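Report on the structure
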There are 2 protein chains.
Amino acid sequence: MSAIRNRQILLAARPVGEIKSTDFKYQEVDAPEPGEGQALIRNLYLSLDPAMRGWMREGDSYIEPVRLGDVMRGGTIGEVVKSNSAEFKPGDKVFGMGNWQDYWIAGPKSGARALPADVPFPLTNFLSVLGITGLTAYFGILDVGLPKAGETVVVSTAAGAVGSIVCQIAKNKGCRVVGIAGSDDKCAWLINDLGIDAAINYKTQSVAAELRKACPNKIDIYFDNVGGEILNTVLGMINVHARVVICGAITQYNATQAVPGPSNYISLLTKRSRMEGFVVIDYMHRAMEGVMQLGQWLAEGKLKHREDIVEGLENAPNAILRLFDGSNKGKLIVKIA
Amino acid sequence: MSAIRNRQILLAARPVGEIKSTDFKYQEVDAPEPGEGQALIRNLYLSLDPAMRGWMREGDSYIEPVRLGDVMRGGTIGEVVKSNSAEFKPGDKVFGMGNWQDYWIAGPKSGARALPADVPFPLTNFLSVLGITGLTAYFGILDVGLPKAGETVVVSTAAGAVGSIVCQIAKNKGCRVVGIAGSDDKCAWLINDLGIDAAINYKTQSVAAELRKACPNKIDIYFDNVGGEILNTVLGMINVHARVVICGAITQYNATQAVPGPSNYISLLTKRSRMEGFVVIDYMHRAMEGVMQLGQWLAEGKLKHREDIVEGLENAPNAILRLFDGSNKGKLIVKIA
């Protein structure tokens, strides 16, 4: 087996401001040999996510930062090539943190899981609508946002991989849904294809003025992925007992100096409201519940989604930049093999 | 009855920045006559509270602002002078929103409540530890903060009327309690008399450095009455699943320009934590529960408190200023009669 070459992309430097492709380094090594109870997995697809910007940064967070010189972290779908484990047999498709490389070792503590053999969905769906992305939307809007029929839900990065699923779950729950996105194309997709009630192009429109028009009953839930000025604007327009769900803060990830905090946080007091962050890893014990419900909606046509698939592991360092300039259309995935 | 004179203090101007005594106006009118189902109440004590700064300001809040020219709003304890109501009989002591004046009319919809005749506590306690102040502390720390034994609780304005009760409830629940206050005297009182674990004088000490020393296990609950820089500092030091309880924001009440928001709100994401505001009026249906428990702790010596009683309704406009310069020692109350 030592003839198998394993292409890897390492974290070479901690980004200052925006990620640069030179923050990564390519290398080839021999693929590892699986030990007792382990399996060798060949990665087929790699998920690229905004959260990766956080993993590249030093400092206290919900997960250890990737160390310099380590293979860059990432969720993958792979296939078992060789197994010394009762859990995995050759040919099984496996979801796990396989990282930015061709081959990795899955063992009892790796968190890897084999997918059922006969899933009626494309494999890539388990990195998008049925993967961490879909589960983030599912638990964030349902468990933290607690939507009730008739409430008004505002979603930032609404055309993004997570946001677009949040929008549709909220619609499925009978809410009025207003999305904020970065282009007229994305806004049109949100309204015409996903069926949300209104969409705002934050690059060309006044978010405050458009929200006032689109939310005549003010805002009960805000699902936020951006932070910054939009978060502050929305906080100024919440209803009593509103829930502000902090899923991300993409305006902060690349900041090289402190981003102003939301001075309208004081609405949390006057409106007796809640702002709460969550991380999907806290819900992994309920992953099956989420996948089942998302899969049912998907099968029923109640959950539309897009995948933006880039060919070739070597293109991952350039592809990830697209998450931050907004040029990806749907869940960004790298096809490795 | 028309010979009874009613002294009143009106809101004459909306404060710009700090309250000035000239924002109020004194007048004397005839006391009103109670109609059918109503009672005439003579105020004995008036509560002065930081929240009054908010009531004097125009704009959207949890309660309508006081209108210019109206009697200034305030909670009072009074005595029934004359009654056409089955609910109140002359001599009854009544808690209600009697405002800054000698006499007012309590009726079925006024929210006024007679106190039991034989309460074993001084009347003023129903404006302090057993009144809105105590209930604010009680529901804020217990229902929003959700303290568990062994957790670390930080309280700002810890020597204040609400904060000092929060500190003691948290101690009663088995928490490590760290208070932030504005003088060495207040800090000494918190440690020596109330028995909290550490106290920080924010005027002379580095809050960040002292919190690091006083909170070796970081911060699980922050009960905030100040906002501003201290809120931001604490947000940077919270544990996973922390609760930040927004009870007030005294640094913002007098601000004439936007106060910077807490840029460390992003810890809510990385620490999967919650920041939530509350207003005690939402808990008034559970007031009896709170008063009973607070009364029991008080009787058992598990709840110490101070009252700072100013003589004379005419001194209320100057007395309220002391809430904002920190010179009051304990719950500020005006003795009217």
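Predicted model, so just to flag it, every value in this text is computed and none were measured.

1. Re the interface of chain A and chain B
Taken residue by residue, the interface counts 36 residues in chain A and 36 residues in chain B. A combined buried area of about 2,700 Å² lies between chain A and chain B, and 55% of that area is made up of carbon and sulfur atoms. Of all residues in chain A, A:Tyr265, A:Leu269 and A:Arg272 give up the largest surface area on contact with chain B, accounting jointly for 25% of the area buried on that side. Counting every contact that joins chain A to chain B gives 8 salt bridges. Here A:Lys271 ties to B:Asp60 by a salt bridge, and the two come within 2.8 Å at their closest N and O atoms. Counting across the interface, chain A meets chain B through 13 residue pairs in polar contact (both at pLDDT 80 or more). Every element with two or more residues in the side of chain A that touches chain B is listed here: helix 6 (228-235), strand 12 (238-246), helix 7 (250-253), helix 8 (267-270) and strand 13 (274-277) of chain A. The greatest single-element share of the side of chain A that touches chain B, amounting to 4 residues, is contributed by strand 13 of chain A. Here the side of chain A that touches chain B is built from residues that sort into 17 nonpolar, 11 polar and 8 charged.

2. Things to note about unusual backbone geometry
All names here are of chain A. One non-glycine residue, His241, lies in the positive phi region at around 60°. On the secondary structure map, His241 appears in strand 12. Look at His241 and you get partly exposed, because its relative accessible area is 44%.

3. Quick look at the pattern of salt bridges
For the structure on display, the rule yields 46 salt bridges over all chains. The salt bridge partner of A:Glu151 is A:Arg243, with a shortest N-O separation of 2.6 Å. Remark: A:Arg243 occurs in strand 12 and A:Glu151 occurs in the loop between helix 2 (132-144) and strand 8 (152-155); sequence separation between them is 92 residues. For A:Glu210, the salt bridge goes to A:Lys213, with nearest N and O atoms at 3.1 Å. With A:Glu210 and A:Lys213 both in helix 5 (residues 207-214), this residue pair falls 3 residues apart, about one helical turn. Residue class for A:Lys213 comes out exposed when judged on its relative accessible area of 60%. Salt bridges sharing partners connect three or more residues here, namely A:Arg274, A:Glu276, B:Arg274 and B:Glu276.

4. What to know about the pairing of strand 8 of chain A
The two faces of a sheet get side chains in turn, since along a regular strand they alternate between them. All names here are of chain A. Going residue by residue along strand 8, you find Thr152 and Val154 tucked away on one face and Val153 and Val155 tucked away on the opposite face as well. Judged from the 4 bridges that link them, strand 8 and strand 9 (residues 176-181) form a sheet pairing that is parallel. Note on strand 9: the bridge partner recorded for Thr152 is Arg176. Handedness of the strand 8-helix 3 (residues 161-172)-strand 9 crossover: right-handed.

5. Structural notes on the packing of aromatic side chains
Residues and elements named next belong to chain A. All told, the structure shown has 12 aromatic pairs over all chains when counted by the stated rule. Ring geometry for Tyr138 against Phe139: centres 5.0 Å apart, planes inclined by 90°, an arrangement best described as edge-to-face. Under the relative-accessibility criterion, Tyr138 is labelled buried at 6%. Under the relative-accessibility criterion, Phe139 is labelled buried at 0%. Taken together, a centroid distance of 6.3 Å and an interplanar angle of 65° make the contact between Phe223 and Phe278 edge-to-face. Of this pair, Phe223 sits in strand 11 (residues 219-224) while Phe278 sits in the loop between strand 13 and helix 9 (287-299), and the two are 55 residues apart along the sequence.

6. Focus: the environment of B:Ala159
Residues and elements named next belong to chain B. Assignment of secondary structure puts Ala159 in the loop between strand 8 (152-155) and helix 3 (161-172). For Ala159 and His305, which are 146 residues apart along the polypeptide, the C-alpha to C-alpha distance reads 9.5 Å. Apart from residues no more than four positions distant in its own chain, Ala159 is found in contact with Ser164, Ala181, Lys186, Trp189 and Leu190.

7. Comments concerning the relation of the copies chain A and chain B
Under the fitted operation, chain A is carried onto chain B by 0.0 Å of movement along the axis and a turn of 180°, and the coordinates agree to an RMSD of 0.0 Å. Given the turn and translation reported, the copies of this chain are related as if by a two-fold rotation axis. Of the C-alpha atoms belonging to chain A, the one lying closest to the rotation axis is found on A:Gly261, 2.0 Å away. A shared binding surface is used by both copies, with 100% of the interface residues of chain A retained as interface residues in chain B.

8. Regarding helix 2 (residues 132-144) of chain B
Residues and elements named next belong to chain B. In terms of burial, helix 2 is largely enclosed, as 11 of its 13 residues are buried. All of the buried residues along helix 2 are Thr133, Gly134, Leu135, Thr136, Ala137, Tyr138, Phe139, Gly140, Ile141, Leu142 and Val144. Positive phi appears at Leu146, one or two residues downstream of helix 2, with a value of about 50°.

9. Comments concerning the sheet that holds strand 9 of chain A
On the basis of which strands lie adjacent, the open sheet formed by 12 strands has the order 10(A)-9(A)-8(A)-11(A)-12(A)-13(A)-13(B)-12(B)-11(B)-8(B)-9(B)-10(B) and mixed pairing. In the strand order of this sheet, the two ends are held by strand 10 (198-201) of chain A together with strand 10 (198-201) of chain B, each with one partner. For this sheet the average axis-to-axis angle between neighbouring strands, irrespective of direction, equals 15°. Here 4 bridges tie strand 9 of chain A to strand 10 of chain A, and the two strands are oriented parallel to one another.

10. A few points about the domain arrangement of chain A
All names here are of chain A. Its domain assignment divides chain A into domain 1 (5-124 + 306-335) and domain 2 (132-280). One C-alpha centre belongs to domain 1, the other to domain 2, and the line joining them spans 29 Å. In this complex, domain 1 contributes 18 residues to the contact, which on the side of domain 2 involves 12 residues. At the surface where domain 1 touches domain 2, the tally comes to 1 salt bridge. With its nearest N and O atoms 3.9 Å apart, the salt bridge here joins Lys329 to Asp185. In this structure, the connection of domain 1 to domain 2 is made through 1 residue pair in polar contact (both at pLDDT 80 or more).

Rules used throughout
- Residues numbered from 1 in each chain as written.
- Chains lettered and ligands numbered in written order.
- Predicted model: local features only at pLDDT ≥ 70, side-chain atom pairs only at ≥ 80, totals over all residues.
- Heavy atoms only, no water.
- Contact = heavy atoms within 4.5 Å.
- Buried area = accessible area lost by both parts, 1.4 Å probe.
- Salt bridge = Lys/Arg side-chain N within 4 Å of Asp/Glu carboxyl O.
- Polar contact = N/O pair within 3.5 Å; in protein donor to acceptor, adjacent residues only side chain to side chain.
- Helix = DSSP H or I, 4+ residues; strand = E, 2+ residues; numbered from the N terminus.
- Nonpolar A, V, L, I, M, F, W, Y, C, P; charged D, E, K, R; others polar.
- Buried < 20%, exposed > 50% of the residue type's maximum accessible area, 1.4 Å probe, protein only.
- Pairing = 2+ DSSP bridges.
- Right-handed = clockwise from strand over helix to strand, strands pointing away.
- Phe/Tyr/Trp six-rings, centres within 6.5 Å; stacked < 30°, edge-to-face > 60°.
- Least-squares fit on C-alpha atoms with pLDDT ≥ 70 in both.
- Axes fitted to C-alpha atoms, helices over the stretch in contact; angles between N-to-C directions.
- Domains from an automatic or database assignment.

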